[in-house]
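One-letter residues, chain by chain:
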Amino acid sequence: MNAIEVRDLKKRFGHIEALRGMNFQVREGELYGLIGPDGAGKTTLMRIICTLVMPDAGEVRVKGLDVRQQRTKIRSLLGYMPQRFSLYPDLTVEQNLHFFAELFQVPEAERRARLEMLYHFSRLGPFKNRPAANLSGGMKQKLALSCALIHTPQVLVLDEPTFGVDPVSRQEFWEILHSVQKEGTTILVSTAYMDEADECDRVGLCFQGRIVAEDTPANLKRRFSYPLYRVRGSNLFRLQEFFRSIPTVHSIQMFGDVLHVSFTRQPRAADWQAWQTQTGGGLQEWKTEAPSIEDVFLEVLEEEK
Amino acid sequence: MQCIFYMIRKEFLQVFRDPHMIALLFVVPLVQLFLLAYTITTDVKHLTLGVVDYDRSVSSREVGRLFTNSDRFELVGYAESPRQVGDLMRAWQTQMALLIPAGFHRDLQRGLRPQLQIVVDGVDGNTAGVALGYAQQILTEYAQDIALQLQRLGTPPATHQLRLLERMWFNLDLDSKQFMVPGIVVVLLTIIPMMFASMGLVRERELGTLEQLMVTPLKRHQLLLGKIIPALILAYVEMILVMLVAVLSFGIKMNGSYLLLAFFSLLYLFTTIGLGIFISTWTQSQQQAMFFSWFVMVFMILMGGFFIPIENMPVLLRKLTYLNPMRYFMYILRDIFLKGSGLRYLWRDALILGLFGFSILGLGVAKFQKRVG
């Protein structure tokens, strides 16, 4: 049995079709990442899984339980961390944790052990008497995660948990997720940071209310069969124009201060030198590059269009 | 069941964590009580009086003295002419003028009926009316005294005297505080629960904690009870606080049953908390909820007979006040406080108030259930 099962899921809000027949499964104990641009339907999907929104059509099961009929049961075995920090800023770290432990009816004895463990995980122990409002962004996320984990859920759903958090805290956060996974918890996480996809067992690329590709990060990257180069130059925009005119170029993507250029045929060293002269030295550096999830994603989107 | 208790405890933790909230709950009502009890007064006291005395006799001085004997009038000075009085009135220095014609004393002694003129500043109609009433009362009594004196001296009275004995019931001294303070209790039981319920729920939505609560096993009705019960508790605490201060330091008399008071308050609190929940389903932010609550409250107060007597309203507006639950509670509370009325006299209002309470709370809850989904 899969931990999460989604079949032909459809949901519309007025004129907007948020989900148009979504299909995917999260296996027991898996860490599954949902990747996609804003408006792809990730949040709606998660809210349906958490029984906060009713689906229009299709079937969603969490641990075999139907989201339409068995909401209460699902809620007790599911942990959900919404996109926005949503705890009580005027209550302390400990009061927040206690409050959610109480609502989930975690037995007193178990609660203490669980708190100890979560404090250890999150390193929030020294801050337990601090009002949540006075925590840093990273600590807030860890507190929200701890609150979602307080009742030892079997399935954890996280909606862009690392959004707006500094890189160090993000790294820490993923480490915590890995240890949670080791406890046997199934995790569904969405993210807008493509580099985080590598942390997941499997990744689903979400676009316009559908999963357009799904596999392990390694397999996904292997799909990108075109030779890829990382290119630097004095004027990236002019360089981009230039490569558009080369017939063997398959795609050009701008990534910060570099271009990722892929080719339908492996270019030779002579080709590069010729291009350098043609651009009058504007082309400065080229190197082969292993495709990232982002390259794959953009490629898949091209195909979709 | 336990979950409700945890919700309630959380609410109180939040209330006591927030100094603004504490100020709002405990300081503001007391300030309100002091301010309103002293400022919204219909007592007319210390009216400024100017006297134009053309007679300059024992009797004319006696009349002047009678006016200044009570704390109702304050003599600001003697004027030489009516024109001077007009100037004083224009300068806001005197509200009433008493003109005593020459020969006043002489006519009085002869048993004739001398005339006095009273000029009142009519800008503030209410005060003018009351002042005139006071003046007539004083002069009537004086006339009767004179008549008695003359009778004793053997001169027959000019007319048969009809003596009017005035007696005020329920509020012997016409002390407006006795009337206003129950009104303040009503206002408090309107604003505090309504704001607490509406802003509390909207705040949970604004913070996103509402969603977080919805994924816990907490049921929607438990969530609502977790908001309603603290609002009730706070409202009762407020009421006790304000009444203690009112009784102890304002000398407000509570003639009725406290139990009845608590019972009627509960019915009314259902209404105001229900309104709060209703407002919360309409609004997106605490600011909006605050604005709506104020709007509803102002309407209720203006149409509730707190300081604008309903009897004085145009017919259409008077009919509209029947839709205002505060109107009934205002009557009931003043009845209980001042007249000590029992359920025998109040059951009709109780029925209406209960009807309002249950339907508004019911509607609010239904709307909330639908909205949260």
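The rules behind each value
Residues numbered from 1 in each chain as written. Chains lettered and ligands numbered in written order. Predicted model: local features only at pLDDT ≥ 70, side-chain atom pairs only at ≥ 80, totals over all residues. Heavy atoms only, no water. Helix = DSSP H or I, 4+ residues; strand = E, 2+ residues; numbered from the N terminus. Buried < 20%, exposed > 50% of the residue type's maximum accessible area, 1.4 Å probe, protein only. Polar contact = N/O pair within 3.5 Å; in protein donor to acceptor, adjacent residues only side chain to side chain. Contact = heavy atoms within 4.5 Å. Pairing = 2+ DSSP bridges. Axes fitted to C-alpha atoms, helices over the stretch in contact; angles between N-to-C directions. Phe/Tyr/Trp six-rings, centres within 6.5 Å; stacked < 30°, edge-to-face > 60°. Domains from an automatic or database assignment. Salt bridge = Lys/Arg side-chain N within 4 Å of Asp/Glu carboxyl O.

Novice: Which parts of the structure should I look at to understand the side chain of Thr321(B)?
Specialist: All names here are of chain B. Structurally, Thr321 can be placed in the loop between helix H12 (315–320) and helix H13 (325–339). The buried category is assigned to Thr321, whose relative accessible area is 0%. Within the structure, the side chain of Thr321 is placed 2.5 Å from the backbone oxygen of Arg318, a separation counted as a polar contact. Every residue in contact with Thr321, bar those within four places of it in the chain, is listed here: Met303, Ile310, Met313 and Arg327.

Novice: In this structure, what is going on with the sheet that holds strand E7 (residues 155–159) of chain A? I would like to understand it.
Specialist: Each strand in a sheet pairs with its neighbour through backbone hydrogen bonds, running either in the same direction (parallel) or in the opposite one (antiparallel). Residues and elements named next belong to chain A. Ordered by their spatial adjacency, 6 strands build an open sheet running E6-E7-E8-E3-E9-E10, and the pairing between neighbours is mixed. What marks the edges here is a single partner per strand, and that holds for strand E6 (78–81) and strand E10 (210–215). Shown here is a sheet whose adjacent strand axes are inclined to one another by a mean of 15°, direction ignored. By the bridge criterion, 5 bridges tie strand E9 (residues 202–207) to E10 in an arrangement that is antiparallel. When the sheet's bridge partners are listed, Cys206 is paired in E10 with Ile211. The strands touched by helix H1 (residues 42–49) within the sheet are strand E3 (31–35), E6, E7, strand E8 (186–191) and E9, with E8 carrying the most contacts at an inclination of about 155°. Against the sheet, helix H10 (residues 293–304) contacts E3, E9 and E10, and its axis sits at roughly 40° relative to E9.

Novice: Which parts of the structure should I look at to understand the packing of aromatic side chains?
Specialist: For any pair of aromatic rings, the description rests on two quantities: the centre-to-centre distance and the angle between the ring planes. Tallied over the entire structure, the rule returns 25 aromatic pairs over all chains. With a centroid separation of 5.1 Å and 65° between ring planes, the pair formed by Phe67(B) and Phe73(B) is classed as edge-to-face. An identical accessibility class is assigned to Phe67(B) and Phe73(B); each is buried. An aromatic cluster is defined as three or more aromatic residues linked by ring pairs; in this entry it consists of Tyr229(A), Phe242(A), Phe243(A), Phe263(A), Trp272(A), Trp275(A) and Trp286(A).

Novice: Before we go on, may I ask you to explain the domain arrangement of chain B in this structure?
Specialist: Interface size is commonly expressed as the accessible surface area that is lost when the partners come together. Looking at the assigned domains, one finds that chain B contains domain 1 (2–40 + 175–372) and domain 2 (47–152). For domain 1 of chain B and domain 2 of chain B, the distance between their C-alpha centroids amounts to 48 Å.

Novice: Please explain the pattern of salt bridges as it appears in this structure.
Specialist: Two side chains bearing opposite charge may form a pair once their charged atoms approach each other closely. Across all of its chains, the model carries 33 salt bridges over all chains by this definition. Arg65(B) is paired through a salt bridge with Glu62(B); the nearest N and O atoms lie 3.0 Å apart. In this pair, Arg65(B) and Glu62(B) are both assigned in helix H3 (residues 58–69), 3 residues apart and thus about one turn of the helix distant. Look at Arg65(B) and you get partly exposed, because its relative accessible area is 40%. By relative accessible area, which is 26% here, Glu62(B) ends up partly exposed. When salt bridges with common partners are traced through the structure, they connect Arg27(A), Glu30(A), Arg202(A) and Glu214(A) into a single cluster.

Novice: Mind showing me how you'd approach the sheet that holds strand E4 (residues 117–120) of chain B here?
Specialist: Residues and elements named next belong to chain B. Ordered in space as E2-E1-E3-E4, the 4 strands form an open sheet in which the pairing is mixed. The open sheet is flanked by strand E2 (73–79) and E4, the only strands paired with a single partner. Strand-to-strand twist in this sheet, taken as the mean axis angle between neighbours without regard to direction, amounts to 25°. Examined bridge by bridge, strand E1 (residues 47–53) and E2 share 6 bridges and lie parallel to one another. Note on E2: the bridge partner recorded for Leu49 is Leu75. Contacts between H3 and the sheet are confined to E1, E2 and strand E3 (96–100), with E3 contributing the most and set at about 160° to the helix. Here helix H6 (residues 125–152) sits on the sheet in contact with E1, E2, E3 and E4, set at roughly 160° to E4.

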